[in-house]
Amino acid sequence: TLKKREAALIHSHFGNRGYFDLPLKRKLAIPQVTTFYGHDVSLLPRDERWRRRLEVLFAEGDLVLAEGNYMKKTLTELGCPESKLRVQHLGIDLNKIPFIPRKPNGDGTIKILVAGTFREKKGITYALEAFARIASRHKNLGLTLVGDAGRSRREVEYKKEITSIISARNIAGRVNYLGFLPYPAFIKEAEHNHIFLSPSIHPSDGETEGGAPVALIEMSAYGMPIVSTFHCDIPEVVVDGVSGFLVPEKDTDALAERLEHLVTHSETWESMGRAGRKHIEAEFNIAQQAEKLEQHYDSLL
């Protein structure tokens, strides 16, 4: 079918898919691009068999795309020749996410949004702990928690950690836990929140963000100031001190301090939100990134 359709190039998404697509590349004798996303640069290479497989992919594949410079460096360390590596930022549809300047609600309440699948790398336990530390001093604060555990044992265990922190820190009345939401409902919910808190970490199982969570790109475009961490390629999405604040991973003190700074300086939200929107428009706009991807294709064809 691919021969009939005169396929000129294979684009494999995720490193493991790239490896499994190599026989097809050989059979059709066409170039192959592989985009890496996260678990394929952090978790997969912990398996010796996969390290060897990725070496084959790096040798035979024609082009490898990384979400940012941190991921690019990681891929180089795994053995990918620098000549085959390019940074290709993720792109979002800015027409679907309008810029909304954030300001406290009429009654002075402030809502902090935390969103993600319940995986250790998301740092949700640190987000809740930081919130708990400042919530007692600021009665106008609430936290919206969007996400849940899947079926894996690790996620189920992590959910238990999350619920036990909410209970132990007596913040159940301040946390609006919504579980998984369909994407349109998530975007609608996010509209009514003010600060996005997303403190990703290097977890015990080794699976990092690889690049940066898409939600960070979206919430920054949406006009929210961000509090996150110096993790993987997050510093390419969040400009520290400009569109949000970044702190070291697992540093609850610094997380609480930066969060409290934003809570008590709501006059800075709009300018931070505008700076975030401008940065996302320049670097993570899907139309522009699609054009860049076409240029990568052209370079091989």
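First, a word on scope: everything that follows refers to the structure included in this document. (Residues numbered from 1 in each chain as written. Predicted model: local features only at pLDDT ≥ 70, side-chain atom pairs only at ≥ 80, totals over all residues. Heavy atoms only, no water.)

Points about the sheet that holds strand β1 (residues 10–13)
Then, number 1: Sheet architecture is open: 4 strands sit in the order β1-β2-β3-β4, paired in parallel fashion. The two strands at the open ends of the sheet, each matched to only one other strand, are β1 and β4 (85–87). Taking each pair of neighbouring strands and ignoring which way they run, the sheet shows an average axis angle of 25°.
Then, number 2: Two elements, strand β3 (residues 63–66) and β4, share 3 bridges in a ladder whose sense is parallel. Note on β4: the bridge partner recorded for V64 is L85.
Then, number 3: Against the sheet, helix α5 (residues 69–77) contacts β3 and β4, and its axis sits at roughly 165° relative to β4. (Pairing = 2+ DSSP bridges. Helix = DSSP H or I, 4+ residues; strand = E, 2+ residues; numbered from the N terminus. Axes fitted to C-alpha atoms, helices over the stretch in contact; angles between N-to-C directions. Contact = heavy atoms within 4.5 Å.)

Here we look at the sheet that holds strand β9 (residues 226–229)
Then, number 1: Taken in spatial order, the 6 strands of this open sheet run β7-β6-β5-β8-β9-β10, and their pairing is parallel. The sheet is open, and its two borders are formed by β7 (175–179) and β10 (244–247), each paired with just one other strand. Each adjacent strand pair in this sheet contributes to an overall mean axis angle of 20°, direction not counted.
Then, number 2: By the bridge criterion, 4 bridges tie β9 to β10 in an arrangement that is parallel. Looking at β10, one finds that I226 is bridged to G244.
Then, number 3: Where helix α8 (residues 183–190) meets the sheet, it contacts β5 (110–115), β6 (141–146) and β7, and its direction lies at approximately 150° from that of β5.

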